[in-house]
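Take a look at the letters that make up each chain.
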Amino acid sequence: MKREDCQSVDSHLVDSHSVDSELQSQSLSADIIPLLNIMAKLRDPEIGCPWDRAQDFNSIVPFTLEEAYEVAETIETQDWQELPDELGDLLFQVVFYCQLGKEQGMFDFQTVIERICNKLTSRHPHVFELDGAATSPEQVKQTWEAIKASEREQKSQLTQGQTASVLDNVPLALPSLSRAVKIQKRVARVGFDWDELEPVVAKIHEEIDEVLAEVTQGEIAQDKVQDELGDLLFAVANFARHIGVEPEQALRQANAKFERRFRGVEQLANNSDKTIEQHSLEELDKYWEQVKQAEK
């Protein structure tokens, strides 16, 4: 796809009825230029920011992950007024990588735009091809997976002729629970999955027994305990997938709920004549139940 194709998205791909008239009147390609210029100035060897000049691809990865989580948190709390700011912070991370790529002669922002344009159009032939037929969501999903499988095969052939795997390109940097689900989804597509919920639940009980067997040994082998606990978490993630729950999000919500309730416990303890450390566990449990009841 040529650059002008990405900017106009090609007249036969998107007609005038599918683009908001207000956006049609704007030069969208120019909107990103001020941000790209700011980024370039921040990295300027002479007048740029010392902190920004000191960064590289690896050093800004933690900030990218942090910004992505802040976007997720803003959506979860439905703070819609704040969301544009958080999305801007995340976009800045993309621009930062593009500036680094440009400086090293590898790629620039336009390269990223071209790649995503190509990827989206190639993976949605039912939308962008002139003879694309209307399909069901399930057919769309099958087509999407077939195209991705073909892409993985092509990448494997380019990498010293390695055999392609359905597990290729599952990012190592994903949160562990999210990566577990992504792995499970990949293998499920080739039939390596249970069709019923019962064996999924049975596997959790099996893994719990194995964890308990390790921790009740006379001499606990921490590496074995960790191994078995990892199996248990993987099985729980699989259960979440089978019942349509995103485990990473569920755990985030559980963390938020616990934090909210424990702050309530702290408040009740502060209202007493003792510090929280001076309370017994039974007293704190009573506070906990009070907080839970107040939420209902």
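The sections below set out a description of the structure shown in this document. The structure displayed is predicted, hence computed values, not measured ones.

### Points about unusual backbone geometry
Turning to step 1, where the next piece is worked out: Backbone geometry at glutamine 78 places phi at a positive 55°, although glycine is not the residue there.
Turning to step 2, where the next piece is worked out: Topologically, glutamine 78 is positioned in the loop between helix 6 (57-76) and helix 7 (83-103).
Turning to step 3, where the next piece is worked out: Note on glutamine 78: relative accessible area 53%, which makes it exposed.

### Description of helix 13 (residues 222-242)
Turning to step 1, where the next piece is worked out: With 21 residues, helix 13 should reach 30 Å at 1.5 Å per residue; the first-to-last C-alpha distance of 30 Å fits that figure.
Turning to step 2, where the next piece is worked out: Turning to helix 13, its buried residues number three or more, namely Val225, Glu228, Leu232, Ala235, Ala237, Asn238, Ala240 and Arg241.
Turning to step 3, where the next piece is worked out: For helix 13, the secondary structure elements touched by its buried residues are helix 11 (176-188), helix 12 (198-215) and helix 14 (247-270).

### Topic: the nonpolar core
Turning to step 1, where the next piece is worked out: One finds Ile32, Met39, Ile60, Val95, Phe96, Tyr97, Cys98, Leu100 and Phe109 forming the largest nonpolar core, which totals nine residues.
Turning to step 2, where the next piece is worked out: Among the elements that take part in this core, helix 7 stands out by supplying five residues, more than any other.
Turning to step 3, where the next piece is worked out: Dropping the residues within four chain positions of it, valine 95 is found in contact with Ile32, Leu35, Leu36, Met39 and Phe109.
Turning to step 4, where the next piece is worked out: In this structure, Val265, Ala269, Leu284 and Trp288 belong to the second largest nonpolar core, which totals six residues.

### Some thoughts on the packing of helix 4 (residues 33-42) against helix 7
Turning to step 1, where the next piece is worked out: The geometry of helix 4 relative to helix 7 is characterised by a closest axis approach of 10 Å and an angle of 55° between their N-to-C directions. Classified by the interaxial angle, the pair formed by helix 4 and helix 7 is oblique. As for the relative orientation of helix 4 and helix 7, their crossing is right-handed in sense. Facing helix 4, whose interface residues are Leu35, Leu36, Met39, Ala40 and Leu42, helix 7 presents Leu91, Phe92, Val95, Phe96 and Gln99.
Turning to step 2, where the next piece is worked out: For the contact of helix 4 with helix 7, the residue count by class is nine nonpolar, one polar and no charged.

### Structural notes on the environment of phenylalanine 92
Turning to step 1, where the next piece is worked out: As for its placement among the helices and strands, phenylalanine 92 is situated in helix 7.
Turning to step 2, where the next piece is worked out: Assessed through its relative accessible area of 21%, phenylalanine 92 is described here as partly exposed.
Turning to step 3, where the next piece is worked out: It is 9.0 Å that separates the C-alpha atoms of phenylalanine 92 and leucine 36, two residues lying 56 residues apart in sequence.
Turning to step 4, where the next piece is worked out: Setting aside its immediate chain neighbours within four residues, phenylalanine 92 contacts Leu35, Met39 and Leu42.

### Section: the side chain of glutamine 99
Turning to step 1, where the next piece is worked out: When you line up the elements, glutamine 99 lands in helix 7.
Turning to step 2, where the next piece is worked out: Discounting residues that sit within four places of it in the chain, glutamine 99 has contacts with Met39, Ala40 and Arg43.

### Quick notes on the pattern of salt bridges
Turning to step 1, where the next piece is worked out: This model, assessed by the stated rule, comprises nine salt bridges.
Turning to step 2, where the next piece is worked out: Of the charged contacts in the structure, one is a salt bridge between glutamate 207 and lysine 203, with a shortest N-O distance of 3.4 Å. Separated by four residues within a single helix, glutamate 207 and lysine 203 lie in helix 12, roughly one turn from each other.
Turning to step 3, where the next piece is worked out: With a relative accessible area of 5%, glutamate 207 lands in the buried category.
Turning to step 4, where the next piece is worked out: Its salt-bridge partner being glutamate 295, residue arginine 261 comes within 3.0 Å of it at the nearest N-O pair. Highlighted residues: arginine 261 in helix 14 and glutamate 295 in helix 15 (residues 281-295), separated in sequence by 34 residues.
Turning to step 5, where the next piece is worked out: When its relative accessible area of 15% is taken as the criterion, arginine 261 is described as buried.
Turning to step 6, where the next piece is worked out: When salt bridges that share partners are traced, they join Lys203, Glu206 and Glu207 into one network.

The rules behind the values
- Residues numbered from 1 in each chain as written.
- Predicted model: local features only at pLDDT ≥ 70, side-chain atom pairs only at ≥ 80, totals over all residues.
- Heavy atoms only, no water.
- Helix = DSSP H or I, 4+ residues; strand = E, 2+ residues; numbered from the N terminus.
- Buried < 20%, exposed > 50% of the residue type's maximum accessible area, 1.4 Å probe, protein only.
- Expected span 1.5 Å × (residues − 1).
- Contact = heavy atoms within 4.5 Å.
- Core = buried A, V, L, I, M, F, W, Y, C linked by side-chain atoms within 4.5 Å.
- Axes fitted to C-alpha atoms, helices over the stretch in contact; angles between N-to-C directions.
- Parallel < 35°, antiparallel > 145°, perpendicular 65-115°, else oblique.
- Left-handed = near helix turned anticlockwise from the far one by under 90°.
- Nonpolar A, V, L, I, M, F, W, Y, C, P; charged D, E, K, R; others polar.
- Salt bridge = Lys/Arg side-chain N within 4 Å of Asp/Glu carboxyl O.

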